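Letter by letter, the chains look like this.
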Amino acid sequence: MGGDQAKLRASVAGLGSTWEIEQVGFKAYASCATNHTSIEAVELLLARHGLAAADVARVEVHVTSDAAIHGGYEYLGREVIEAQMSLRFAVALLLTYGTVEAAHFRDGVIAREDLVALAKSVDVVGDPGIDALGEARRFTAWARIETVDGRAFRQEVDDRKGDPSRPLSDADLERKFRDLLAAAGSPHADRILRLVGDLPRLDDIAELAVLLGGEGA
């Protein structure tokens, strides 16, 4: 009995010097990961051209065929999971709020008639040209915004912000952390961040463990 020696060697390669935790990605937006490059492309267009929701007549996003299947379905605003996976709804949130945060995915928001209607102005296209780029470029997407006054702008994003290839800054990570704790109703973000920052000097992490467990004052 035994194992494949080649696989064993691969499994211990870099042991003690290569840290796999550094390959962990973080979601920059509270939406399905395959939606992120499209969201960023629209975000960049809005910022660079000074556009608001009222300026936008139509948004078209091109993604891989798989991403179009996962997030490009008609958005009806019936369930939270539908909203979390929907690229159309994510773009509607971005146009309305300027962000796509965890706090948006609740019953009082996902079924709002204005957001459902705005999601209908977003077209999602599975693009064979992007499919042909291969697995390494599976997050590639481009977005095109048409404005109510007849202008059009296009933006491509090649990789997902928050992946190890494009890590989030400390400020981005803190903003994400605060967003998640706010959505969970926790008032302890400041205290947790201070404790985490002091970890190398802490003799006891009991308070941090309690706060991370959702308890304590």
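Cut-offs applied
Residues numbered from 1 in each chain as written. Predicted model: local features only at pLDDT ≥ 70, side-chain atom pairs only at ≥ 80, totals over all residues. Heavy atoms only, no water. Helix = DSSP H or I, 4+ residues; strand = E, 2+ residues; numbered from the N terminus. Buried < 20%, exposed > 50% of the residue type's maximum accessible area, 1.4 Å probe, protein only. Contact = heavy atoms within 4.5 Å. Arc of directions from axis to C-beta. Pairing = 2+ DSSP bridges. Axes fitted to C-alpha atoms, helices over the stretch in contact; angles between N-to-C directions. Parallel < 35°, antiparallel > 145°, perpendicular 65-115°, else oblique. Left-handed = near helix turned anticlockwise from the far one by under 90°. Core = buried A, V, L, I, M, F, W, Y, C linked by side-chain atoms within 4.5 Å. Phe/Tyr/Trp six-rings, centres within 6.5 Å; stacked < 30°, edge-to-face > 60°.

Chemist: Would you take a moment to explain the environment of Ile-145 for this structure?
Modeler: With respect to the helices and strands, the residue Ile-145 is situated in strand S3 (residues 141-147). Of the residues examined, Ile-145 reaches a relative accessible area of 0% and is grouped as buried. It is 9.9 Å that separates the C-alpha atoms of Ile-145 and Ala-41, two residues lying 104 residues apart in sequence. Excluding residues within four positions of it along the chain, Ile-145 makes contact with Val-42, Leu-45, Leu-46, Leu-51, Val-56, Arg-58, Val-59, Arg-151, Ala-152 and Phe-153.

Chemist: What exactly am I supposed to notice about helix H10 (residues 189-197) here?
Modeler: Given 3.6 residues to a turn, an α-helix orients residues that are three or four positions apart in the same direction. Turning to H10, its buried residues are Ala-189, Ile-192 and Leu-195. For H10, the angular spread of buried residues about the axis comes to 130 degrees, placing them on one side. Against the buried residues of H10 lie helix H9 (170-184) and helix H11 (206-212).

Chemist: In this structure, what is going on with the sheet that holds strand S4 (residues 152-157)? I would like to understand it.
Modeler: Backbone hydrogen bonds hold the strands of a sheet together, and the pairing may be parallel or antiparallel. With mixed pairing, 4 strands are arranged side by side in an open sheet as S2-S1-S3-S4. In this open sheet, the two edge strands, each paired with only one partner strand, are strand S2 (122-126) and S4. Adjacent strand axes in the sheet meet at a mean angle of 15 degrees when their direction is disregarded. Alignment of S3 against S4, held across 6 bridges, turns out to be antiparallel. In the sheet register, Arg-144 faces S4, and the bridge partner there is Arg-154. The sheet contacts of helix H2 (residues 36-49) involve strand S1 (56-63), S3 and S4, and relative to S4 the element is tilted by about 135 degrees.

Chemist: How should I be thinking about the environment of Gly-25 in this particular structure?
Modeler: The topology assignment puts Gly-25 in the loop between helix H1 (5-12) and H2. Residues Gly-25 and Tyr-73, spaced 48 residues apart in sequence, show a C-alpha to C-alpha distance of 26 Å. Those residues in contact with Gly-25, other than ones at most four positions away along the chain, are Arg-160, Gly-162, Asp-163 and Pro-164.

Chemist: Explain the pairing of S1 here, please?
Modeler: The side chains of a regular strand alternate, residue by residue, between the two faces of the sheet. By the criterion of burial, S1 is predominantly enclosed, with 6 of the 8 residues buried. The sheet contact formed by S1 and S3 spans 6 bridges and is antiparallel. The residue of S3 that forms the bridge with Val-59 is Ile-145. Here 5 bridges tie S1 to S2, and the two strands are oriented parallel to one another. When the sheet's bridge partners are listed, Val-63 is paired in S2 with Gly-126.

Chemist: Sorry if this is basic, but what is going on with the packing of H9 against H10 here?
Modeler: Helix-helix packing is described using two parameters, namely the angle between the two axes and the distance between the axes. Closest axis-to-axis distance for the H9/H10 pair is 10 Å, and the angle between their directions is 140 degrees. Taken together, the axis directions place H9 and H10 in an arrangement best described as oblique. Like other packed secondary-structure pairs, H9 and H10 cross with a definite hand, here right-handed. Of the residues in H10, those touching H9 at Glu-174, Phe-177, Arg-178 and Leu-181 are Ala-189, Asp-190, Ile-192 and Leu-193.

Chemist: Quick question: what am I supposed to make of the nonpolar core here?
Modeler: Side chains that are nonpolar tend, in soluble globular proteins, to be buried together. Of all hydrophobic cores here, the largest spans 39 residues; its most connected members are Val-42, Leu-46, Val-59, Phe-89, Val-100 and Ile-145. Take this core: its biggest share by element is 8 residues, from helix H5 (residues 87-97).

Chemist: Got a minute to help me understand the packing of aromatic side chains in this structure?
Modeler: The relation between two aromatic rings is expressed through the spacing of the ring centres and the mutual angle of the planes. This structure, assessed with the given rule, holds 2 aromatic pairs. When the centroid spacing of 4.6 Å and the interplanar angle of 20 degrees are considered together, the rings of Tyr-75 and Phe-89 count as stacked. Here Tyr-75 is found in the loop between helix H3 (65-71) and helix H4 (80-85), whereas its partner Phe-89 is found in helix H5, with 14 residues between them in sequence. On the basis of relative accessible area, Phe-89 is assigned to the buried category, the value being 0%. Three or more aromatic residues joined by ring pairs make a cluster, and in this case those are Tyr-75, Phe-89 and Phe-105.

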